[in-house]
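Residues per chain are reported as follows:
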Amino acid sequence: MLLAVFVVCVGALATSTLLLLSIGRSVPFASRIVSLLIGASFVLAAGEVAARIWRLPTAPVWGAEVLLALPIGCLVILRPRWNPVAHLFAGSALATSLAYLAFGLMVTFGGYLTVAGAVASGLLLVLEVVALTLSASFAFEALDVICAVRPDEPNAPFDPAYVPMVSLQIAAYNEPPDMLIETIRSVQAIDYPRMEIVVIDNNTKDPAVWGPVADYCETQSNVRFVHVDPWPGYKSGALNLALREHTDVEAELIGVIDADYLVDPAYLRSVVGYFVDPDLAFLQTPQDYREYAGDAYLTACYDAYRYFFLTTMPARNRRNSIIFAGTMGLLRRDVLEKVGGWDEWCITEDAEASLRILREGYAGLFVGRSFGRGIMPLSFASLKSQRFRWCFGGMQILRMHWRDLLPWNRDPSNHLGPAQRVDYLLGGLQWLNDLVLLGFSIVLLSVAVGLVLGGRLALRPLLGATAILPIALIASGLLRAVWALRARTGIGLRRALLAFGNWLSLSWTVALACAQGLFRREGVFLRTPKEGDRANVLTALRAARTETLLASVLWGTGLWLLVTHRSGPIVAALFLWQGVVYACAPYMAWLNQHTELSAQLERRRRSEWMRERVSRAAPAVALGAAIGLLVTSIVALAIVLGASSSTTRSERLFSLPHSSGGPVSPIGSLLRPSLAPSAPATPTTVPTISPTASPSPTSSATTTVSPSPTGPTPASPTSAAPPSVQPS
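The rules we used
- Residues numbered from 1 in each chain as written.
- Predicted model: local features only at pLDDT ≥ 70, side-chain atom pairs only at ≥ 80, totals over all residues.
- Heavy atoms only, no water.
- Helix = DSSP H or I, 4+ residues; strand = E, 2+ residues; numbered from the N terminus.
- Buried < 20%, exposed > 50% of the residue type's maximum accessible area, 1.4 Å probe, protein only.
- Contact = heavy atoms within 4.5 Å.
- Areas by Shrake-Rupley, 256 points an atom, 1.4 Å probe, with all protein chains shown as cover.
- Expected span 1.5 Å × (residues − 1).
- Bend = angle between axes of the 7 residues up to and from the residue.
- Phe/Tyr/Trp six-rings, centres within 6.5 Å; stacked < 30°, edge-to-face > 60°.
- Lys NZ or Arg CZ within 6 Å of the ring centre and 35° of its normal.
- Axes fitted to C-alpha atoms, helices over the stretch in contact; angles between N-to-C directions.
- Parallel < 35°, antiparallel > 145°, perpendicular 65-115°, else oblique.
- Left-handed = near helix turned anticlockwise from the far one by under 90°.
- Nonpolar A, V, L, I, M, F, W, Y, C, P; charged D, E, K, R; others polar.
- Patch = residues over 30% accessible without salt bridge, like charges linked within 9 Å, V, L, I, M, F, W, Y side chains within 5 Å.
- Salt bridge = Lys/Arg side-chain N within 4 Å of Asp/Glu carboxyl O.
- Pairing = 2+ DSSP bridges.
- Lys, Arg positive; Asp, Glu negative; His and termini not counted.
- pLDDT = per-residue confidence, 0-100.

Re the overall build of the chain
Now for step 1: When helices and strands are counted, the chain shows 24 helices and 11 strands.
Now for step 2: Within the chain, the fraction of its 728 residues that count as buried is 59%.
Now for step 3: Of the contacts formed within the chain by residues at least 6 apart in sequence, a portion of 85% connects residues at least 24 apart.
Now for step 4: If you sum the accessible surface of the chain, you get close to 28500 Å²; carbon and sulfur atoms cover 63% of it.

Observations concerning helix 21 (residues 569-593)
Now for step 1: Compared with an ideal rise of 1.5 Å per residue, which puts 25 residues at 36 Å, helix 21 spans 35 Å between its outermost C-alpha atoms and is within 8% of the ideal.
Now for step 2: The sharpest bend along helix 21 comes to roughly 30°, located at V581.
Now for step 3: Taken across its 25 residues, helix 21 has 18 buried, putting it largely inside the fold.

Details of the packing of aromatic side chains
Now for step 1: All told, the structure shown has 16 aromatic pairs when counted by the stated rule.
Now for step 2: Each ring, one from F324 and one from W342, has its centre 6.0 Å from the other, and the planes form 40°; the classification is tilted. Placement of F324 in the loop between helix 10 (296-317) and strand 7 (329-332) and of W342 in the loop between helix 11 (333-338) and helix 12 (349-359) is noted, with a sequence separation of 18 residues between them. Here the two residues F324 and W342 agree in accessibility, since each one is buried.
Now for step 3: Within the aromatic cluster, the residues linked to one another by ring pairs are F282, F324 and W342.
Now for step 4: The aromatic ring of Y424 is capped on one face by R316, whose charged end is 4.7 Å from the ring centroid.

Things to note about the packing of helix 13 (residues 380-405) against helix 14 (residues 418-429)
Now for step 1: For the pair helix 13 and helix 14, the least separation of the axes is 10 Å and the interaxial angle reads 150°. Here helix 14 runs roughly antiparallel to helix 13, going by the angle between their axes. When you trace helix 13 past helix 14, the crossing you get is left-handed. In this structure, helix 13 uses M395, L398, D404 and L405 to contact helix 14, whose residues at the interface are R421, Y424, L425, G428 and L429.
Now for step 2: Residues that form the contact of helix 13 with helix 14 fall into these classes: 6 nonpolar, 1 polar and 2 charged.

What to know about a nonpolar patch on the surface
Now for step 1: Together, V449, V452, L453 and W560 make up a nonpolar patch on the protein surface, roughly 370 Å² of accessible area in all.
Now for step 2: Looking at which element gives the most residues to the nonpolar patch, the answer is helix 15 (residues 433-453), with 3 residues.
Now for step 3: Structurally, L453 is set in helix 15.
Now for step 4: With relative accessibility at 62%, the residue L453 sits in the exposed group.

Re the pairing of strand 4 (residues 253-256)
Now for step 1: Alternating positions in strand 4 separate into two faces, L253 and G255 on one and I254 and V256 on the other, with burial throughout.
Now for step 2: In this structure, strand 1 (residues 166-172) lies alongside strand 4, joined through 4 bridges in parallel fashion. The partner of L168 across the bridge, within strand 4, is G255.

Concerning the sheet that holds strand 8 (residues 363-366)
Now for step 1: Strand order in this open sheet of 7 strands is 3-2-1-4-7-6-8, and the pairing throughout is mixed. Each edge of the open sheet is held by one strand with a lone partner, namely strand 3 (223-228) and strand 8. Direction aside, neighbouring strands of the sheet carry axes that sit 20° apart on average.
Now for step 2: For strand 6 (residues 280-284) and strand 8, the ladder comprises 4 bridges, and the chain directions are parallel. Counted as the bridge partner of F282 is G364 from strand 8.
Now for step 3: Helix 7 (residues 207-218) contacts strand 2 (195-202) and strand 3 of the sheet and is inclined by roughly 150° relative to strand 3.
Now for step 4: On the sheet, helix 8 (residues 234-245) packs against strand 1, strand 2, strand 3 and strand 4 and is oriented at approximately 135° with respect to strand 2.

What to know about the pattern of salt bridges
Now for step 1: Counted by the stated rule, this structure contains 20 salt bridges.
Now for step 2: Salt bridges here are not isolated pairs; linked through shared partners, they connect R79, R81, D144, R318, R319 and D423.

Things to note about the environment of L105
Now for step 1: Here L105 shows up in helix 4 (residues 84-109).
Now for step 2: Separated by 13 residues in the primary sequence, L105 and A118 place their C-alpha atoms 10.0 Å from one another.
Now for step 3: If we skip the residues at most four places from it in the chain, L105 touches G110 and L125.

Looking at the side chain of E141
Now for step 1: In this structure, E141 sits in helix 5 (residues 115-146).
Now for step 2: This buried residue, E141, is left without a salt bridge; R316 holds the nearest opposite charge, at 5.7 Å.
Now for step 3: Apart from the residues lying within four places of it in its own chain, the contact partners of E141 are T311, T312, A315 and Q430.

Some points on the confidence of the model for the chain
Now for step 1: Within the chain, residue pLDDT values average 84, and 79% of them lie at 70 or more.
Now for step 2: Per-residue pLDDT stays below 50 along residues 643-648; that stretch engages in 13 contacts with residues further than four places along the chain or on separate chains.

Quick notes on helix 16 (residues 468-489)
Now for step 1: The end-to-end C-alpha separation of helix 16 is 32 Å, in line with the 32 Å expected for 22 residues at 1.5 Å each.
Now for step 2: A positive backbone phi angle near 75° is found at G490, which sits one or two residues after helix 16.

Focus: unusual backbone geometry
Now for step 1: With an omega of 0°, the peptide bond between D229 and P230 qualifies as cis.
Now for step 2: Here P230 lies in the loop between strand 3 and helix 8.
Now for step 3: For N203, which is not glycine, the phi dihedral falls at a positive 70°.
Now for step 4: Position of N203 among the secondary structure elements: in the loop between strand 2 and helix 7.
Now for step 5: For N203, a relative accessible area of 12% gives the class buried.

Considerations on the environment of A102
Now for step 1: Relative to the helices and strands, A102 resides in helix 4.
Now for step 2: Between the C-alpha atom of A102 and that of L2, which follows or precedes it by 100 residues, the distance is 9.3 Å.

Regarding the packing of helix 10 against helix 17 (residues 493-505)
Now for step 1: Relative orientation of the contacting elements helix 10 and helix 17 amounts to 80°, with a least axis distance of 8 Å. It follows that helix 10 is roughly perpendicular to helix 17 by the angle criterion. Where helix 10 abuts helix 17, its residues Y297, T299, A300, C301, D303, A304 and Y307 lie against R495, L498, A499, N502 and W503.
Now for step 2: Class assignment of the residues belonging to the contact of helix 10 with helix 17 gives a composition of 8 nonpolar, 2 polar and 2 charged.

Here we look at the environment of A208
Now for step 1: Relative to the helices and strands, A208 is located in helix 7.
Now for step 2: Sequence spacing of A208 and P177 is 31 residues, and the spatial spacing of their C-alpha atoms is 8.4 Å.

The structure is reproduced here in structure tokens:
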């Protein structure tokens, strides 16, 4: 039965992935009836092809077709706006994931392993469930935007005559004075009759940095400059001070602008009119960036940044669950004050504030037009620090508000709807994708230990047909992620691969932030090694020393296992992939060394190191390392102790009934019922799929193939996906 399910699902996933890549964006219609008809034909074709190629008996193929048809049918009913290709891909991916998890459950808890082996396999199963769930959430976001034929964008009212007073606030810390003054001038040029500008500089020690800005502001009638030192709370503390003591009493809207942005003069007149709706509490436009063209590293960063505002935010906008992103957005002042202002305990105070606002029953709106462009982190170290803060802040939000996001929470003061709760919950959990990826690396290394010491593993087997399922899921996820990036940004394949590498280069940083955020409440900032001015490979390796070590260990271990014949090419491929993830970090650091900056941007790059606020994170690092070592030890011990367990019993999961008349295809059995298989006799073992050989369509269904001497192997069914980049 499982063999039929595996090959039918893999064939369907491979076919639907190719359809998605080729015509997923171009199918112009959405119809439940048409999608159901196409889905039924697709399912029957998948079963028919699998039955003929693998000579499978009819009954198991019918069961596989039912498993494939159910998720496709449910998606057609639940997402009628999607085109048929999206239904086929999502349904096939869901059916394949369920088949793999069902196999993991049966082997783990079906008595096929020793106790130690069941423990190790159970830990692996938890990682797989989380990985596949997160992968499904990323895929849903992409399909819901790219393949939606009938978009249901919010019909937000807009009144161009509505012109309330706006207070635009610029929080600065150790910013190059010429760049900050340039930002102030661009804000002054905004075409809007009623606005004020508040520039608040907090904790900049050097008067040579903040002094020129103060001198400029003194000569401007509509700009107020405030310098405070010392002042607690970082950016949120400065914004709270500006809100309480330095904002005009008549200001109804608060706008936040980063200190390096150049703003479009049409900004306020283009968006303020939406606030005629009294339920609208905040509005967000995309974060955008400038001065990246012509540089491979900065272009990769730019393309990776854009995905969140081109895909995630439009998808969440349909469900009134966007986040406030900290710059180029507006908030209603009385609502912000009602919810208590900016929370200074959270280092992503912007996203946290938007959650509290939505919980009060107000609405947010995303307007997908860029009205300002800033400067990205110019060094790879600064990029890692920024992503660390965003992820750590996401963990803080989850720790503080997880009860509000549970579907059964019935607190009368909590007005979050089901879709809002799911979006914010998944938005936080998606950060864990890289922590799960690190977990798979730990499992792989533990597998290597078990192979060396025990010679055979206690984990569930990935022999023959079982190996194709996780490989298919990984490949499909990678292709879908790159396809979605290209579809939303319009970039070429080379740029998309570099942007994808930029996502992967931050995997260790995000995993570290997740581990610390789960055990530490206070804000932590990542201290990264300061990069030297010499552009060479060694400098790049030092800038990403941990990732370089992880990649080297994974690659070296995989190669050694392959050369010594302790594992096959499937295991080696998994080690290769996990190593590629971490190797992207030194590659990006090396690419960044070849970036040529203007004089102003070079001053900004040198000031980035000074601008990193660092708290004492040593206890959290030690705790995270200790927990990671403990988990690793438990997994390795379980694998080694269970290494003597037999895996041959699990082969029975792939036994098919013997057919005296020979297997026939499902459709053929309907057309020629006299050829249908007779009653099942003694089970026999079906052929396994060798990773190095293709099956023969004429091979006997009753042939017994011995298991590979290398033993079973675990795999990571997680599909690579864009990180939950929630900017602050």
